[in-house]
Amino acid sequence: MTTYIGIDLHKRTQTWVALAENGKDILFTKEFPVTPEGVQSGIKLSQQCADKIVVAIEPSCGWMWVVPLLRSCGMEVHISNPRKVKAIADSLQKNDENDATTLAQLVRTGIMHESSEASPETQKLRALIRERVFLVRMRASMKCRLEGVVTRTGRHRIAGSLGTKKGKAALIESGEQEWQRSLDVIADVGKYITQLDHDIACYAKEKIPTLLMTLPGVGAVTAVSLWAEVGDYARFSSPKKVCAFAGLVPTERSSGGVQRLGHITRAGSPILRYVLVEAAMRVRDTEKSSVLYQCYKTVKTTRGAMRARVALARKMLSISWYMVKKNESYQQRFPVEKKTT
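Bear in mind that the values here come from a model prediction, so they are computed numbers and not experimental data.

1. Quick notes on the overall build of the protein chain
- Helices and strands together make up the secondary structure of the protein chain, namely 13 helices and 7 strands.
- Since a compact globule built from 341 residues should have a radius of gyration of about 20 Å, the 26 Å found for the protein chain marks it as more spread out than a globular shape.
- With the principal axes as the frame, the protein chain shows a C-alpha extent of 75 × 75 × 45 Å.
- Across the 341 residues of the protein chain, 39% fall into the buried class.
- Taking all contacts inside the protein chain whose residues are at least 6 apart in sequence as the whole, residues at least 24 apart take part in 58%.
- Accessible area for the protein chain stands at about 20100 Å²; split by element, carbon and sulfur atoms hold 53% of it.
- Of the side-chain charges in the protein chain, 52 are positive and 33 negative, and the distance between the mean point of each set is 9 Å.

2. Describing the sheet that holds strand S1 (residues 2-9)
- Within the open sheet, the 5 strands sit side by side as S3-S2-S1-S4-S5. Their pairing is mixed. Two strands lie at the open edges of the sheet, namely strand S3 (26-33) and strand S5 (76-79), each paired on one side alone. In this sheet, adjacent strand axes meet at a mean angle of 20 degrees when their direction is disregarded.
- With 6 bridges joining them, S1 and strand S2 (residues 13-19) adopt antiparallel strand pairing. What sits directly across from Gly 6, in S2, is Val 17.
- Together, S1, S2, S3 and strand S4 (52-57) form the strand contacts of helix H1 (residues 36-47), whose direction differs from that of S3 by roughly 165 degrees.
- The strands touched by helix H2 (residues 63-72) are S1, S2, S4 and S5; relative to S5, the strand with the most contacts, the crossing angle is about 155 degrees.

3. What to know about helix H11 (residues 270-281)
- An ideal rise of 1.5 Å per residue puts 16 Å on 12 residues; H11 measures up with 17 Å between its terminal C-alpha atoms.
- All of the buried residues in H11 are Ile 271, Leu 272, Arg 273, Val 275, Leu 276, Ala 279 and Ala 280.
- Against the buried residues of H11 lie helix H5 (120-154), helix H9 (220-230), helix H10 (239-245), strand S7 (261-264) and helix H13 (305-326).
- The N-cap residue of H11 is Ser 269: its side-chain oxygen and the backbone nitrogen of Ile 271 are 3.2 Å apart.

4. Description of the pattern of salt bridges
- A complete count under the given rule lists 6 salt bridges for this structure.
- The salt bridge involving Glu 178 is made with Arg 145; its shortest N-O contact spans 3.0 Å. One end of the pair, Glu 178, is in helix H7 (residues 177-201); the other, Arg 145, is in helix H5, and 33 residues separate them in sequence.
- Overlapping salt bridges, with partners in common, bring together Arg 145, Arg 152 and Glu 178 in one network.

5. Brief notes about the confidence of the model for the protein chain
- Chain-level pLDDT for the protein chain is 89 on average; 96% of the residues reach the 70-or-more range.
- Within the protein chain, the lowest mean pLDDT, 65, falls on helix H3 (residues 86-89), and the highest, 95, falls on S2.

6. A closer look at the pairing of S5
- In the sheet, S4 pairs with S5 via 4 bridges, with the strands oriented parallel. Bridged to Val 54 within S5 is Glu 76.
- Each parallel crossover has a hand, and for S4 linked through H2 to S5 it is right-handed.

7. A few points about H5
- Compared with an ideal rise of 1.5 Å per residue, which puts 35 residues at 51 Å, H5 spans 51 Å between its outermost C-alpha atoms and is within 8% of the ideal.
- Leu 125, Arg 126, Leu 128, Ile 129, Val 133, Leu 135, Val 136, Met 142, Leu 146, Val 149, Val 150 and Gly 154 are the residues of H5 that are buried.
- Against the buried residues of H5 lie helix H6 (165-173), H7, H9 and H11.

Criteria and cut-off values
Residues numbered from 1 in each chain as written. Predicted model: local features only at pLDDT ≥ 70, side-chain atom pairs only at ≥ 80, totals over all residues. Heavy atoms only, no water. Helix = DSSP H or I, 4+ residues; strand = E, 2+ residues; numbered from the N terminus. Rg over C-alpha atoms; globule rule 2.2 N^0.38 Å. Buried < 20%, exposed > 50% of the residue type's maximum accessible area, 1.4 Å probe, protein only. Contact = heavy atoms within 4.5 Å. Areas by Shrake-Rupley, 256 points an atom, 1.4 Å probe, with all protein chains shown as cover. Lys, Arg positive; Asp, Glu negative; His and termini not counted. Charge placed at Lys NZ, Arg CZ, Asp CG, Glu CD. Pairing = 2+ DSSP bridges. Axes fitted to C-alpha atoms, helices over the stretch in contact; angles between N-to-C directions. Expected span 1.5 Å × (residues − 1). Polar contact = N/O pair within 3.5 Å; in protein donor to acceptor, adjacent residues only side chain to side chain. Salt bridge = Lys/Arg side-chain N within 4 Å of Asp/Glu carboxyl O. pLDDT = per-residue confidence, 0-100. Right-handed = clockwise from strand over helix to strand, strands pointing away.

Next comes the structure, spelled out in structure tokens:
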């Protein structure tokens, strides 16, 4: 006998709904605190219902420590893809109990879309990457704020850029405490970013990041970021699918033989798109990257610079898929000219 359990997980509470094998009878509905003791209470109650227990849970809040705890007790755990579980998002009677029941019903019928689960090592690396992105954005925000504060009291008082040594010295000599505090915060955040760059660069010696660094515009941090966010390239059967995972493919609303394409889907990791677009912006018209730059220039002429960067980012991600699949470094290939007769 198999019991199907749906868990609606939140920050402080979790709702468990146990569904019988026939899919009609609800064995129990219980709310527990989101603590190891609360999870253990749910496990004990579930084990009284059946020998085989199949669990469906959304990847939210503390799922990263809850899922291993469930599996350690012999439960079969499936992680849903919230973006594709429309039965929950579009429900007119949305509450914790109904959400958990829906998860249990979906996993029982086998029609639940599941999320891919990264390895613990990849999860740790992603945490490093995301911490760095957060700090870089914080530092940029502080720099913008400092520029605004100085402008408010008279930008003419400080000549040149505030980021140069001369500009910083002028800020300190001004005696303005607010300016000094901003400089101190920017310097402190910069130290943490430097340390994270050092830690991330240690992963650049791995096989896949080493390959990715041969791609124009891709350095150590970018290569490791791509590797961490994409995960296992082998799980994508084509470059189109890895681009869809990154949210770099257009939305589509086609019907009746008429194709309508819109903006990119922006599905998946925003950090993955961010590092790809940043890498695309670093591509220049050099001997090694002239083909990529020409692709960017062609799209820019007709669609504008911003769309051209996104198009180039998608092309670079597709190339990286082939590089990893074939275990080859980047080699520039010029388009074959068609022969005219």
